[in-house]
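Structure assessment
Residue-level listing of the chains:
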Amino acid sequence: IGGIIRMIYNNIMYWLYLACAEHAVDSAITSSEVGHELSDFARMSLDLRGHRPSLEEIQMFMESPDLENFIDEFLLDEQFSEQMGWIWNASIHTALWADQYSRFGDWEEDTWRAVGWEPMASLQLIIDEERSFLDWVTADKQPLHPKTASLWGLSYEGIDWGWSDMDGERPHAGVLSSRTLWLRYNADTTNRNRMRANVVADVFLCSSFLDRSGSFEFEALASALNNVEKAIQTESGCIGCHSGLDSLGSFFGGFTERSTDLSLRSFVSYSAFQAQWHAQRLAPAYYGIPGSDLSDLGRYIARDPRYTMCAVQRIGESLFGTEPSRQTKRNAHKDFLESNYRIRPLVRSLVLDPSYIDAKPHLLSPVELYGTLQEVFGYAVPEDIKWSHKHHVLLGFGNDNDILLNSNSFSVSHHLITEWIAKEISRELVLDLQRESSERVVLRIAEEQDEQTAREQIHYWWVSLLSQWVEVDSPEVDRIMELFQATGGFQAPESSWPLVLEAIMRHPKAMMK
């Protein structure tokens, strides 16, 4: 019997793969006649809110298939600013890193999450308050959370992220004064904060010194390289980068060095005296413009057109799955400028650009997968999908530590993840069978033991998890219904419903947008 059930299950899965391709062609034909496609609507919801649209929202969209009818509502969604934070984490790489940092012992889960999210928390607050993006590097306050306040030894009465005055001698330079950012990217004396300088150039200006190319030939003599510090001042092959990199690094002298033996609170402190001491060796400068401390650096970055253009590029790459065209970036930057550099108008401009709907399908991020599942199944969804660096890697994404690039390929690990997710959710599903209908978490529709309610449950999962419209009596639902009945149906719901859920979860569209 088990072999027969597995054979039926495999046949259903094979049919699902074929149906996915066929439906994609059919939808492209029909939706072009009425406006935007449902897949565009689903992608906009994932991009802006971190989860797929609900069944009700999909029905509303089908009545009026125009993204502009929904974009403002999505931009105002409470999840929007967090979604933007995850976009920037793809270049900052601190959110998951904190779980892998052990210099000061292992932190509790809530603590390392708060530590890792600190740089993005300031961006979230700026977006939620409709402030200028320029404030991210110039703000005179720092973001605090109860967990980080306790860790850093600071007074804070809030229950979630909020603003707090800069403590001690910490400069007023927004995220540039972050504890987490420079704990993640710490340096030693021999590095002279060059790594920190390059992080600023890369993350905030999209202009990494490591990406520079030139036509020169490096002809320094081996003897000249015996003294590296002298070589970078005298050898032409070195001066091109180091003339800007080293003076930029001089802004960070107030932060501790990696080899310093201090407690955590002292290690993440800022010393104005140390900053001045380091500046005596080489005066801080921003690409040739003299400065004194991080506050100057923040103001220089805010005035640099590369900073706001970098925001357009980073957000655009996330939304489009690739770098937007030059014209698209110009148009979006114009709207960005006219809004006093607020993030919502920038994103609106990018999403309504005609090339947005032409973007190729790409993988859901772990955060988007978690958000979608949570909307459908609530607390039954394991948080590891969103916060575990190991699960991020299995889903083809980086771990914010030693794996920084993402894959856009569907692989065997996705099958392992979907099987695991289905089994985890099924634990709650089996418990639902013993609960009153009003208390159910996973089986919210199939209250009665009849074919119609079973079809409605299958239909709800299909549309909600795949953003692919089908009717309750469609061939797609027929096939899944066959699987449900062949594996026991209402006589063995504890085995049939989990298999139905896993079958839908394994549909290729469940992982794509």
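Parameters and conventions
- Residues numbered from 1 in each chain as written.
- Predicted model: local features only at pLDDT ≥ 70, side-chain atom pairs only at ≥ 80, totals over all residues.
- Heavy atoms only, no water.
- Helix = DSSP H or I, 4+ residues; strand = E, 2+ residues; numbered from the N terminus.
- Buried < 20%, exposed > 50% of the residue type's maximum accessible area, 1.4 Å probe, protein only.
- Contact = heavy atoms within 4.5 Å.
- Areas by Shrake-Rupley, 256 points an atom, 1.4 Å probe, with all protein chains shown as cover.
- Disulfide = S-S within 2.5 Å.
- Salt bridge = Lys/Arg side-chain N within 4 Å of Asp/Glu carboxyl O.
- Phe/Tyr/Trp six-rings, centres within 6.5 Å; stacked < 30°, edge-to-face > 60°.
- Lys NZ or Arg CZ within 6 Å of the ring centre and 35° of its normal.
- Expected span 1.5 Å × (residues − 1).
- Axes fitted to C-alpha atoms, helices over the stretch in contact; angles between N-to-C directions.
- Parallel < 35°, antiparallel > 145°, perpendicular 65-115°, else oblique.
- Left-handed = near helix turned anticlockwise from the far one by under 90°.
- Nonpolar A, V, L, I, M, F, W, Y, C, P; charged D, E, K, R; others polar.
- Arc of directions from axis to C-beta.
- Core = buried A, V, L, I, M, F, W, Y, C linked by side-chain atoms within 4.5 Å.
- pLDDT = per-residue confidence, 0-100.

Some details on the overall build of the protein chain
Assigned secondary structure in the protein chain consists of 24 helices and four strands. For the protein chain, with 513 residues in total, the buried portion stands at 54%. The long-range share in the protein chain, meaning contacts at least 24 apart out of those at least 6 apart in sequence, stands at 67%. Taken as a whole, the protein chain presents about 23,200 Å² of accessible surface, with 50% of it coming from carbon and sulfur.

What about the state of the cysteines?
The final tally for this structure, using the stated rule, is one disulfide. A sulfur-sulfur separation of 2.0 Å characterises the disulfide bridge that pairs Cys-206 with Cys-310. With the S-S bond torsion at 75°, the cross-link from Cys-206 to Cys-310 turns out right-handed. A residue pair is termed long-range when its members are at least 10 positions apart, and Cys-206 in the loop between helix 9 (194-205) and helix 10 (228-234) and Cys-310 in helix 15 (residues 305-320) qualify at 104 residues. Given a relative accessible area of 25%, Cys-206 falls into the partly exposed group. Residue Cys-310 is classed as buried on the basis of its relative accessible area, which comes to 1%.

As for the environment of Leu-76
Examined against the element boundaries, Leu-76 turns out to sit in the loop between helix 4 (71-75) and helix 5 (80-92). On the basis of relative accessibility, which here comes to 61%, the residue Leu-76 falls in the exposed class. It is 9.2 Å that separates the C-alpha atoms of Leu-76 and Leu-48, two residues lying 28 residues apart in sequence.

Considerations on the pattern of salt bridges
In a structure, side chains of opposite charge can pair up when their charged atoms sit close to one another. Applying the stated criterion to the full structure yields 29 salt bridges. Glu-109 is the salt-bridge partner of Arg-113, the closest N and O atoms lying 3.0 Å from each other. Residue Arg-113 and its partner Glu-109 are located together in helix 6 (residues 109-128), separated by four residues, close to a single helical turn. Overall, Arg-113 belongs to the buried group, its relative accessible area being 12%. Residue class for Glu-109 comes out partly exposed when judged on its relative accessible area of 39%. Connected via shared salt-bridge partners are Arg-43, Asp-47, Glu-368 and Lys-513.

Section: the packing of aromatic side chains
Here the structure, examined in full by the defined rule, presents 32 aromatic pairs. Where Phe-336 meets Tyr-341, the ring centres are 5.1 Å apart and the plane angle is 90°; that geometry is what we call edge-to-face. With relative accessibility at 0%, the residue Phe-336 sits in the buried group. Through a chain of ring-to-ring contacts, the aromatic side chains of Trp-88, Phe-133, Trp-136, Phe-204, Tyr-307, Phe-336 and Tyr-341 assemble into a single cluster. The lysine or arginine in question, Arg-49, covers the ring of Phe-74, its NZ or CZ lying 3.8 Å from the ring centre. Over the face of the ring belonging to Tyr-287 we find Arg-306, whose NZ or CZ atom lies 4.5 Å from the ring centre.

Thoughts on helix 24 (residues 493-505)
Note on helix geometry: an α-helix contains 3.6 residues per turn, so any two residues three or four positions apart are oriented the same way. Taking 1.5 Å per residue, 13 residues should reach 18 Å; helix 24 reaches 18 Å between its end C-alpha atoms and fits that length. The element helix 24 is extensively covered by neighbouring structure, given that 11 of its 13 residues are classed as buried. Every buried residue belonging to helix 24 is among Pro-493, Ser-496, Trp-497, Pro-498, Leu-499, Val-500, Leu-501, Glu-502, Ala-503, Ile-504 and Met-505, and all of these are buried.

Here we look at the packing of helix 2 (residues 38-49) against helix 3 (residues 55-63)
Packing of helix 2 against helix 3 brings their axes to within 10 Å, and their N-to-C directions diverge by 135°. By the angle between their directions, the pair helix 2 and helix 3 is classed as oblique. Once helix 2 is placed against helix 3, the crossing between them reads as right-handed. On helix 3, the residues that touch Leu-38, Phe-41 and Arg-49 of helix 2 are Glu-57, Ile-58 and Phe-61. Taken together, the residues of the contact of helix 2 with helix 3 break down into four nonpolar, no polar and two charged.

Brief notes about unusual backbone geometry
If you check the backbone angles, His-93 has positive phi at about 60° while not being a glycine. When you line up the elements, His-93 lands in the loop between helix 5 and helix 6. Classification of His-93 as buried rests on a relative accessible area of 9%. The phi dihedral of Asn-340 is positive, around 60°, even though this residue is not glycine.

A closer look at helix 3
All of the buried residues in helix 3 are Leu-55, Glu-57, Ile-58 and Phe-61. When helix 3 is viewed along its axis, its buried side chains cluster within an angular range of 160° and face the same direction.

Looking at the nonpolar core
In terms of nonpolar packing, the biggest core is built from 134 residues, with Phe-377 and Trp-461 touching the most fellow members. With nine residues, helix 6 is the single largest residue contributor to this core. Excluding anything up to four places from it in sequence, Trp-461 contacts Val-376, Phe-377, Leu-429, Val-442, Leu-443, Leu-466, Trp-497, Val-500, Leu-501 and Ile-504.

Re the confidence of the model for the protein chain
Per-residue pLDDT for the protein chain averages 89, and the proportion of residues at 70 or more is 88%. Long-range and interchain partners of residues 20-35, a stretch whose pLDDT sits below 50, account for 13 contacts in this model, where long-range means more than four residues apart.

Overview of the side chain of Gln-124
Tracing the chain through its elements places Gln-124 in helix 6. Those residues in contact with Gln-124, other than ones at most four positions away along the chain, are Ser-81, Glu-82 and Trp-117.

Focus on the environment of Val-347
Locating Val-347 in the fold gives a position in helix 17 (residues 343-351). Sequence separation of Val-347 and Leu-48 is 299 residues, and the distance between their C-alpha atoms is 8.5 Å. In this structure, Val-347 is in contact with Leu-48, Leu-75, Phe-80, Met-84, Ile-315 and Leu-319, ignoring residues within four places of it in sequence.

Describing the environment of Ala-173
Inspection of the secondary structure assignment puts Ala-173 in the loop between strand 2 (162-165) and helix 8 (179-184). A relative accessible area of 0% places Ala-173 in the buried class. Sequence separation between Ala-173 and Asp-293 is 120 residues; the distance between their C-alpha atoms is 9.1 Å. Not counting residues up to four positions away in its chain, the partners in contact with Ala-173 are Trp-136, Val-137, Thr-138, Ala-139, Met-166, Leu-294 and Ser-295.

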